[in-house]
Number of protein chains: 4
Amino acid sequence: MEDRMGQELPGKKKNLILEAAAEVFARRGFHGSTVEEIAQRAGVGKGTIYEYFSSKKDLFHQLITAVMEEMITDLRKRIDQAGEVQEKLRILVEEGLNHFQRLEQISKILMTEVKNARDEEIKEIFLQKHESIIGLISGVIEEGMKEGRFRQVDKLLAAQLFIGTLSSIIVSTTIYNRERKTSINAVLDLFLHGIST
Amino acid sequence: MEDRMGQELPGKKKNLILEAAAEVFARRGFHGSTVEEIAQRAGVGKGTIYEYFSSKKDLFHQLITAVMEEMITDLRKRIDQAGEVQEKLRILVEEGLNHFQRLEQISKILMTEVKNARDEEIKEIFLQKHESIIGLISGVIEEGMKEGRFRQVDKLLAAQLFIGTLSSIIVSTTIYNRERKTSINAVLDLFLHGIST
Amino acid sequence: MEDRMGQELPGKKKNLILEAAAEVFARRGFHGSTVEEIAQRAGVGKGTIYEYFSSKKDLFHQLITAVMEEMITDLRKRIDQAGEVQEKLRILVEEGLNHFQRLEQISKILMTEVKNARDEEIKEIFLQKHESIIGLISGVIEEGMKEGRFRQVDKLLAAQLFIGTLSSIIVSTTIYNRERKTSINAVLDLFLHGIST
Amino acid sequence: MEDRMGQELPGKKKNLILEAAAEVFARRGFHGSTVEEIAQRAGVGKGTIYEYFSSKKDLFHQLITAVMEEMITDLRKRIDQAGEVQEKLRILVEEGLNHFQRLEQISKILMTEVKNARDEEIKEIFLQKHESIIGLISGVIEEGMKEGRFRQVDKLLAAQLFIGTLSSIIVSTTIYNRERKTSINAVLDLFLHGIST
DNA sequence: CATGAATGAGTATTCATTCAT
DNA sequence: TATGAATGAATACTCATTCAT
């Protein structure tokens, strides 16, 4: 899978930078991150970043868009493959947890680091993508309600709560060093119990 | 209540600064905030901040400590005043939402803006306080389990989920402009349904 | 005339910076000058410049405006004090030569360093001021034509030529190390001979 | 006249670059110009410039030398072809104006953009060439004095003034959008009137 | 020869912190 | 105490120059 004889995959370097940026921005936030560190982590020179992105802000912007796009596509695929709604939710959690973790991180950065109109614009784009994901989850919940498996609830709020639930899993595993499997089961049990008839 | 003839209540100016800092840090994160803006919002000179705090980091540190301390004290008082466990949870939500919102904001800042060992230290202090609050909530849940009102669940995880639940309320009211009362009822219903026998 | 006991004249530091900037910009052009060097020559810290000017471009802008303003005021005063038109021209040269040297330098910088729309704007302001000076000189020439001392010529072109003439004096003294007095007399003689009846 | 089948005239690409450089340096000065823009305007790759010139500074250096050399050769030829001295001066102006415009631009750049000893060296070379041109003009003036057509004046200063006069024409046509022919006649009339017996 | 992707030295600008008043 | 003018370390960004293809 590696490039042979110095032949590079197209866009390889850009992806290297995006991956490095994801890592650094997640750890330090936007203002706390330096282009220098992103470059070092990507293994490229500082100037190279500006070959692919017009500014630090543009890099952040493209990163968010790419991550959200990938998340939506992947989650949609997984949901369509699954059978029952309860199974769909479980799969969403188990397979989508990494995605949601990134959603959390981006959300955190965006919600606490607004400086000007341009930032609001980026925030707006994020919220649009975020709504897509909420819509995706609320679709599953609606399906469950139609099948009579779930109680009649506000599906958007329930979807929102579902993400809050995932957030709990992420926090409990990250901060408290819990085993992920245990957390998933316990938290999902509580959520499903809450929503089921 | 106002100070007369320039006579100031002790610590009044320090509190002004802390309040201003809470506001600014919440909106811009740590690196995105400037001492200048905090000073202006507090209505004091930039140098004055350094009369009460040794550095921007120290201000942030003291802010977190103060906010958490106040939160724990207030929540403990409200819980002790309430009667049944379900009522305790409802009161925790209704009365404690502002506290939790601040908890969210601080958590976001801390989790995404780590630069060095000193930051980790601050993070550690925050986590200790955070655990106090988790303990406080898990205490209520344990009480409910003993009374047979709640199912036998992992009380720490449930407490964690409870905060995730509150997070949902905050997000749905903030981002989606939902009415707070409706969100509270719907989300609390789901949580209680999930945890009850 | 010096400030006593550390008491500073108002705007003193801003003027220090403007003087240093005049010197550096004249020698190196806009792009060739560094804020660092201007700061050092002004004997202030780099950051101090940004206390008085919002950007390097703003410093340049304010410098041009200030220099042109001073030049126009001073030249107008000298002309009004003089008697005959030929005397006026001589005085304009002798007393105004330093001003014109600065006019030359600024003009050179402006005419060769245009990068964007903002630059065109600055250039426009300069041209307005430049026209004021042309108008001032052409006024003297018109006066001379009315008195019958000068031939009927295109007064604006003649004024333009007068500045070209001064430029010659400046170049011949600066580059060829000529004595200023000799250059003034010789060149002025040629100009007056050319314009007189 | 076009190259056929990719076969290029020797030095053709080098000339393309020199022409592009002349244009860009004239518009933006030395520090304001980028190698990138020069390459684009020349229709070659950025790296190609370094095939013909060792550095940006070297390109500038060679450009000045080439322009001055061409100017001197061409002006000498035109002067030798003309008859009377007054006619020589007129021809110098009419035919040499484009050359003098470039002289002006290069002079402006050189006089305002000195950074180090190396620059002084380039400036020195320019001054030598400049003196050749002054000598060329002062030769014509001397000729006129010998013929009794011109007054006895400092021929070097007069030559200097002649270039200042041309500068006026260039400025009045460039900045004030005057018709070139009118400016030439008016300014030349003043100069000749000034120098003639 | 020709190219342009990659690079890092160099610069404008910001902002936490100090200190004279 | 309280202040804000002054500062320079830190950082985003540019661009001359190199070098693999």
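As the structure is a computational prediction, the values presented were derived from the model and not from experiment.

Definitions and limits used
Residues numbered from 1 in each chain as written. Chains lettered and ligands numbered in written order. Predicted model: local features only at pLDDT ≥ 70, side-chain atom pairs only at ≥ 80, totals over all residues. Heavy atoms only, no water. Helix = DSSP H or I, 4+ residues; strand = E, 2+ residues; numbered from the N terminus. Buried < 20%, exposed > 50% of the residue type's maximum accessible area, 1.4 Å probe, protein only. Domains from an automatic or database assignment. Contact = heavy atoms within 4.5 Å. Buried area = accessible area lost by both parts, 1.4 Å probe. Salt bridge = Lys/Arg side-chain N within 4 Å of Asp/Glu carboxyl O. Polar contact = N/O pair within 3.5 Å; in protein donor to acceptor, adjacent residues only side chain to side chain. Least-squares fit on C-alpha atoms with pLDDT ≥ 70 in both. Nonpolar A, V, L, I, M, F, W, Y, C, P; charged D, E, K, R; others polar. Near = heavy atom within 4 Å. Expected span 1.5 Å × (residues − 1). pLDDT = per-residue confidence, 0-100. Axes fitted to C-alpha atoms, helices over the stretch in contact; angles between N-to-C directions. Parallel < 35°, antiparallel > 145°, perpendicular 65-115°, else oblique. Left-handed = near helix turned anticlockwise from the far one by under 90°.

Caption draft 1: The overall build of chain A, seen in detail. Of regular secondary structure, chain A possesses 8 helices and 0 strands. Tracing chain A from N to C terminus, the helices and strands come up as α-α-α-α-α-α-α-α. Each of the three principal axes of chain A carries a C-alpha extent, and together these read 60 × 45 × 30 Å. Burial analysis of chain A (197 residues in total) assigns 50% to the buried set.

Caption draft 2: Highlighting the domain arrangement of chain A. Residues and elements named next belong to chain A. Here chain A is partitioned into domain 1 (1-53) and domain 2 (57-195). Each of domain 1 and domain 2 was reduced to a C-alpha centroid, and the two centroids are 26 Å apart. Every contact between the two is made by 14 residues of domain 1 and, on the other side, 10 residues of domain 2. A buried area of about 1100 Å², summed over both sides, lies between domain 1 and domain 2, and 76% of it is on carbon and sulfur atoms. Between the two partners, domain 1 and domain 2, sit 0 salt bridges.

Caption draft 3: Representation of the side chain of C:Asp58 in the model. Mapped onto the elements of the fold, C:Asp58 is located in helix α4 (residues 56-81). Separated by 3.0 Å, the side chain of C:Asp58 and the backbone nitrogen of C:Ser54 make a polar contact.

Caption draft 4: Quick look at the relation of the copies chain A and chain B. Mapping chain A onto chain B calls for a screw motion: a turn of 179 degrees about the axis and a shift of 0.0 Å along it, with 0.2 Å RMSD after fitting. What the rotation and shift describe, once combined, is the action of a two-fold rotation axis. Proximity to the rotation axis, assessed at the C-alpha, singles out A:Gly194 in chain A; its C-alpha lies 1.6 Å from the axis. Comparing interface residues between copies, 93% of those in chain A also sit at the interface in chain B, which points to an isologous, same-surface contact.

Caption draft 5: Seen up close, the interface of chain D and chain C. Contacts between the two partners involve 44 residues from chain D and, on the opposite side, 46 residues from chain C. Summing both partners gives a buried area of about 3700 Å² for chain D against chain C, and 62% of it is carried by carbon and sulfur. Broken down residue by residue, the surface that chain D buries against chain C is led by D:Thr112, D:Leu157 and D:Leu190, which jointly contribute 18%. On inspection of chain D and its partner chain C, the count reaches 4 salt bridges. The closest approach of N and O atoms between D:Asp154 and C:Arg178, which form a salt bridge, is 2.6 Å. Between the two partners, chain D and chain C, sit 14 residue pairs in polar contact (both at pLDDT 80 or more). Listed by contribution, the elements that provide at least two residues to the side of chain D that touches chain C are α1 (12-32), α5 (85-112), α6 (117-146), α7 (155-174) and α8 (180-195) of chain D.

Caption draft 6: A look at the interface of chain A and chain B. Each partner contributes to the interface: chain A provides 46 residues, whereas chain B provides 43 residues. Of the roughly 3800 Å² buried between chain A and chain B on both sides combined, carbon and sulfur atoms contribute 62%. Of all residues in chain A, A:Thr112, A:Leu157 and A:Leu190 give up the largest surface area on contact with chain B, accounting jointly for 18% of the area buried on that side. Run the count over chain A and chain B and you get 4 salt bridges. One can count 15 residue pairs in polar contact (both at pLDDT 80 or more) joining chain A with chain B. Those elements giving two or more residues to the side of chain A that touches chain B turn out to be α1 (12-32), α5 (85-112), α6 (117-146), α7 (155-174) and α8 (180-195) of chain A. A per-class count over the side of chain A that touches chain B returns 19 nonpolar, 17 polar and 10 charged.

Caption draft 7: Expanded view of the protein's contact with DNA strand F. What surrounds DNA strand F is a group of 32 residues, the closest being A:Lys46, B:Thr48, C:Gly45, C:Thr48 and C:Tyr52. For DNA strand F, the backbone portion of the atoms within 4 Å of the protein, that is sugar and phosphate, comes to 67%. Between DNA strand F and the protein, one listed contact pairs a base nitrogen with a side-chain N or O atom of B:Lys46 at 3.3 Å. Here a phosphate oxygen of DNA strand F sits 2.5 Å away from a polar atom, N or O, in the side chain of C:Tyr52. Every element with two or more residues in the surface near DNA strand F is listed here: α3 (46-52) of chain A, α3 (46-52) of chain B, α3 (46-52) of chain C together with α3 (46-52) of chain D.

Caption draft 8: Seen up close, helix α6 (residues 117-146) of chain C. Here α6(C) is 30 residues long and its end C-alpha atoms lie 42 Å apart, about the 44 Å a rise of 1.5 Å per residue gives. Just beyond α6(C), the residue with positive phi is C:Gly148, at close to 80 degrees.

Caption draft 9: Region of interest: the environment of D:Val153. Within the element layout of this structure, D:Val153 appears in the loop between α6 and α7. Owing to a relative accessible area of 17%, D:Val153 belongs among the buried residues under this scheme. Each C-alpha atom of the pair D:Val153 and D:Ile141 lies 9.0 Å from the other, and the pair is 12 residues apart in sequence. If we ignore the near neighbours within four places in the chain, the residues touching D:Val153 are C:Leu190, D:Ile141, D:Met145, D:Ala158 and D:Ile195.

Caption draft 10: Spotlight on the confidence of the model for chain A. Averaged over every residue, the pLDDT of chain A is 88; residues scoring 70 or more account for 95%. When the criterion is pLDDT under 50, residues 1-7 of chain A qualifies, and its contacts beyond four places in sequence or with other chains add up to 3 contacts.

Caption draft 11: Structural view of the packing of helix α1 (residues 12-32) of chain B against helix α2 (residues 35-42) of chain B. Residue and element names in this part refer to chain B. Contact geometry for α1 and α2: axes closest at 8 Å, N-to-C directions at 130 degrees. With respect to each other, α1 and α2 are oriented oblique. In this structure, α1 meets α2 at a crossing whose hand is right-handed. Across from Leu-16, Ile-17, Ala-20, Ala-21, Glu-23, Val-24, Phe-25, Arg-27 and Arg-28 in α1, the residues of α2 making contact are Glu-37, Ile-38, Arg-41 and Ala-42.

Caption draft 12: Region of the structure containing the relation of the copies chain D and chain C. The two copies are related by a screw operation: chain D maps onto chain C through 179 degrees of rotation and 0.0 Å of translation along the axis, at an RMSD of 0.2 Å. A shared interface surface links the copies, since 100% of the contact residues of chain D are contact residues in chain C too.

Caption draft 13: Looking closely at the pattern of salt bridges. Within this structure, the stated rule accounts for 69 salt bridges over all chains. The closest approach of N and O atoms between A:Arg27 and A:Glu37, which form a salt bridge, is 3.7 Å. Residue A:Arg27 is found in helix α1, and its partner A:Glu37 is found in helix α2 (residues 35-42); the two are separated by 10 residues along the sequence. For A:Arg27, a relative accessible area of 29% puts it in the partly exposed group. For D:Glu36, the salt bridge identified is with D:Lys46, shortest N-O distance 3.7 Å. Of this pair, D:Glu36 sits in helix α2 (residues 35-42) while D:Lys46 sits in helix α3, placing them 10 residues apart in sequence. In this structure, a network of salt bridges that share partners links the residues A:Glu23, A:Arg27, A:Arg28, A:Glu37 and A:Arg41.

Caption draft 14: Layout of the protein's contact with DNA strand E. Around DNA strand E lies a shell of 32 residues, among which A:Thr48, A:Tyr52, C:Tyr50, C:Lys56 and D:Thr48 are the nearest. Contact distances for DNA strand E include 2.8 Å between a phosphate oxygen and a backbone N or O atom of A:Gly45. Between DNA strand E and D:Thr48, the relevant distance is 2.3 Å, taken from a phosphate oxygen to a side-chain nitrogen or oxygen of the residue. Put simply, the parts of the chain that give the surface near DNA strand E at least two residues each are α3 of chain A, α3 of chain B, α3 of chain C together with α3 of chain D. Considering only residue class, the surface near DNA strand E consists of 8 nonpolar, 12 polar and 12 charged.

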